[in-house]
Amino acid sequence: MEKLLKPLRDQIDEIDARILDLLNRRAQVAQEVGHVKNKVDAPIFRPDREAQVLRRIAERNPGPLGNTELQTIFKEIMSACRALEKKIIVAYLGPAGTFSEQAVYRYFGMAVNALPCGSIDEVFRAAEAGTADFGVVPIENSTEGAINRTLDLLMQTPLTIGSEVSIPIQHNLMTLSGKMDGVHTICAHSQALAQCQGWLNQHYPNILRHAVSSNAEAARIASEDVEVAAIAGEMASKRYGLQVVNAHIQDEPQNRTRFAVIGRKETEPSGKDQTSLLLSVQNKAGAVYKMLEPLEKYDVSMTRLESRPAKTGNWEYYFFVDIDGHVREEKVRRALAELKDRVVYFKVLGSYPI
Ligand SMILES: O=C(O)C(=O)C[C@]1(C(=O)O)C=C[C@@H](O)C=C1
């Protein structure tokens, strides 16, 4: 067998040498891009350009490697090249081991400085103050709906949504021993408890559930107390040395969370974008219909409409609306110009690649 493998491995060695050379040539060009950008103080991270590179890879891919695998590889290549220009700092809802941390690396690749924050508010503050270049905040879960604190903060912040990333959320029940004997409390973030409610009612109806600030915090508590179990992702079980008792206990197998990447700069059009809006209308019959009419008129599709009561107490609602297209596209610009006159509150949260 070794005899048969030798010439094939020689081929792989030779190809690897070429890949190595090409990767470093690519990195050198990225460094030059960095010099050009530094001269005019242009942003290093360009989500629009990265989306285009990844799209082109998928379009040109003849196989046998799959598009998802190739895009993962190219994301890391860009992440490494970008870090040669500048290693960006990304704030997220910590501690380390949360799904938010996973979203940071999924989106930016491994060559970033991930900065854990104690709350969603702190993530916004870090990005607003410039302590971090970007923030990653959960915006919506497919089982539990909107993350209210994020939506409230998006109303107030001067930051814009520059990208989004969605990751599968798989919850595991874990303890130090890998067993549930003697466990009196299950700790997790309230969202995770809600997402696993059906399963917990069925399997452990009599064990106390205790909401804590994050699943990673739950894992930390469980790592110090044999009588406590945690619900958390795989990263947290590894980080805190816990054994999984039951894997994938979320009620919805396709459970995903969408994260917004927030920053101080708007994202340029990439050719395939969407725009997130925050709107409010007066509580009158037909007001929502009237608000959305310009979208139909200019053939702009709406991909999400979510309502949320305003805090003023007079039964007004805020609407989080996603539409296809970038604010700089003509038809979007026109539709929004008309829509603006029909609402009492209007804010573009950001345009970014789909
Ligand atoms: O094209 C650029 O603007 C680059 O800086 C290069 C590059 C890349 O590696 O392809 C790196 C970082 C940017 O976010 C986008 C792309």
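Computed from a prediction, not measured in an experiment: that's the story for all the values here.

### Observations concerning the overall build of the protein
Regarding its fold elements, the protein presents twelve helices and 15 strands. The C-alpha extent of the protein, read off along each of the three principal axes, is 80 × 60 × 35 Å. Per-residue burial for the protein yields a buried fraction of 36% across its 354 residues. Across the protein, the fraction of contacts at a sequence separation of at least 24, relative to all contacts at a separation of at least 6, is 74%.

### Regarding the domain arrangement of the protein
Taken as a whole, the protein is organised into domain 1 (2-84), domain 2 (89-169 + 256-263), domain 3 (172-246) and domain 4 (273-353). On the domain 4 side, the residues contacting the nine residues of domain 2 number nine residues. Those elements giving two or more residues to the side of domain 2 that touches domain 4 turn out to be α6 (148-156) and β5 (160-168). The dominant element in the side of domain 2 that touches domain 4, judged by the number of residues it contributes, is β5, at five residues. Looking at the side of domain 2 that touches domain 4 residue by residue, the class counts come to five nonpolar, three polar and one charged.

### Re the UniProt feature "domain: Chorismate mutase" (unreviewed entry) in the protein
Under the UniProt annotation, "domain: Chorismate mutase" (unreviewed entry) lies at residues 1-89. End-to-end, the C-alpha atoms of residues 1-89 are 49 Å apart, and along that stretch the chain is 81% helix and 1% strand.

### Focus on the nonpolar core
Ranked by size, the top nonpolar core spans 50 residues in total, and within it Val90, Ala91, Val104, Val123, Ala127, Val136 and Val137 carry the most contacts. Broken down by element, this core gets its largest block of residues, six residues, from helix α4 (residues 99-108). Residues lining this core come from more than one domain, with at least three contributed by each of domain 2 (89-169 + 256-263) and domain 4 (273-353). Leave out the neighbours within four places in its chain, and Ala91 touches Leu115, Cys117, Val123, Ala126, Ala127, Ala132 and Gly135. Counting residues in each nonpolar core, the second largest holds 23 residues, with Ala218, Ala219, Ala222 and Ile231 among its members.

### Some thoughts on the sheet that holds strand β15 (residues 345-353)
Spatially, the four strands line up as an open sheet ordered β13-β14-β12-β15, and their pairing is antiparallel. Edge positions in the sheet fall to β13 (302-309) and β15, since each has one partner strand and no second. Adjacent strand axes in the sheet meet at a mean angle of 15° when their direction is disregarded.

### Brief notes about the site of the ligand
Around the ligand sit Ala30, Val33, Phe45, Arg46, Arg49, Glu50, Val53, Met78, Cys81, Arg82 and Glu85, and that is every residue in its neighbourhood. Listing elements by their share of the shell around the ligand, those giving two or more residues are α1 (2-40), α2 (47-60) and α3 (67-85). Among the elements that line the shell around the ligand, the one with the most residues is α3, at four residues. In terms of residue class, the shell around the ligand is made up of six nonpolar, no polar and five charged.

### Some words on the packing of helix α5 (residues 120-129) against α6
It is the contact of α5 with α6, at a shortest axis distance of 9 Å, that shows an interaxial angle of 30°. Here α5 and α6 pass one another in a crossing that is right-handed. Contacts from Ile120, Asp121 and Phe124 in α5 reach Arg149, Thr150 and Leu153 in α6.

### Digging into the environment of Glu268
Considering the arrangement of structural elements, one finds Glu268 in the loop between β11 (256-263) and β12 (273-281). Given 17 C-beta atoms within a 10 Å radius, Glu268 is considered partly exposed. In the structure, Glu268 is positioned 58 residues away from His326 in sequence and 8.4 Å away in space, judged by C-alpha atoms.

### Examining the sheet that holds strand β9 (residues 228-232)
Judged by pairing direction, the sheet is mixed, and its five strands sit side by side in the order β8-β7-β9-β6-β10 without closing on themselves. What marks the edges here is a single partner per strand, and that holds for β8 (208-211) and β10 (243-246). Pairwise comparison of adjacent strand axes, ignoring direction, gives a mean angle of 35° for this sheet. Here three bridges tie strand β6 (residues 172-175) to β10, and the two strands are oriented antiparallel to one another. Bridging from a neighbouring strand, Leu173 pairs with Asn246 of β10. Sheet contacts for helix α9 (residues 215-224): β6, β7 (185-188) and β9; angle to β9, the most-contacted strand, approximately 155°.

### What to know about α6
Taken residue by residue, α6 has Thr150, Leu153 and Leu154 as its buried positions. With its buried residues spanning 105° around the axis, α6 presents them on a single face. Opposite the buried face of α6, at more than 90 degrees from it, the exposed residues are Asn148 and Gln156. Tucked into the core, α6 has its buried residues touching α5, β3 (134-141), β12 and β15.

Calculation rules
- Here the residue numbering is sequential within each chain, running from 1 through the sequence in written order.
- Note on the predicted model: pLDDT of at least 70 is required for a residue's local features to be given, and 80 or more for side-chain atom pairs to be given and counted; whole-chain, interface and lining totals, by contrast, use all residues.
- Helix and strand assignments follow DSSP, with helices taken as H or I runs no shorter than four residues and strands as E runs no shorter than two, numbered in order from the N terminus.
- In this scheme every C-beta is placed from the backbone, and a residue whose C-beta has 20 or more other C-beta atoms within 10 Å is buried, one with 12 or fewer is exposed, and one in between is partly exposed.
- For every residue pair, C-beta atoms are placed from the backbone, and the pair is scored as a contact if these atoms sit within 7 Å.
- Domain ranges listed in this record stem from an automatic or a database domain assignment.
- For this classification, Asp, Glu, Lys and Arg are treated as charged, while Ala, Val, Leu, Ile, Met, Phe, Trp, Tyr, Cys and Pro are nonpolar and the rest, including Gly, are polar.
- UniProt positions are given in the numbering used here, feature names are shortened, and annotations may be inferred rather than shown by experiment.
- Any set of buried Ala, Val, Leu, Ile, Met, Phe, Trp, Tyr and Cys residues joined through C-beta atoms within 7 Å is what this text calls a nonpolar core.
- Criterion used throughout: strands pair if DSSP finds at least two bridges between them.
- The convention used is that axes are lines fitted to C-alpha atoms, helices contributing only their stretch in contact, and that angles between N-to-C directions extend from 0 to 180 degrees.
- Working rule for contacts: place C-beta from the backbone, and if it is within 6 Å of a molecule or strand, that residue counts as near it.
- We call a crossing left-handed when the near helix sits turned anticlockwise from the far one by less than a right angle, and right-handed when that turn is clockwise.
- Here the arc refers to the set of directions running from the helix axis out to each C-beta atom.

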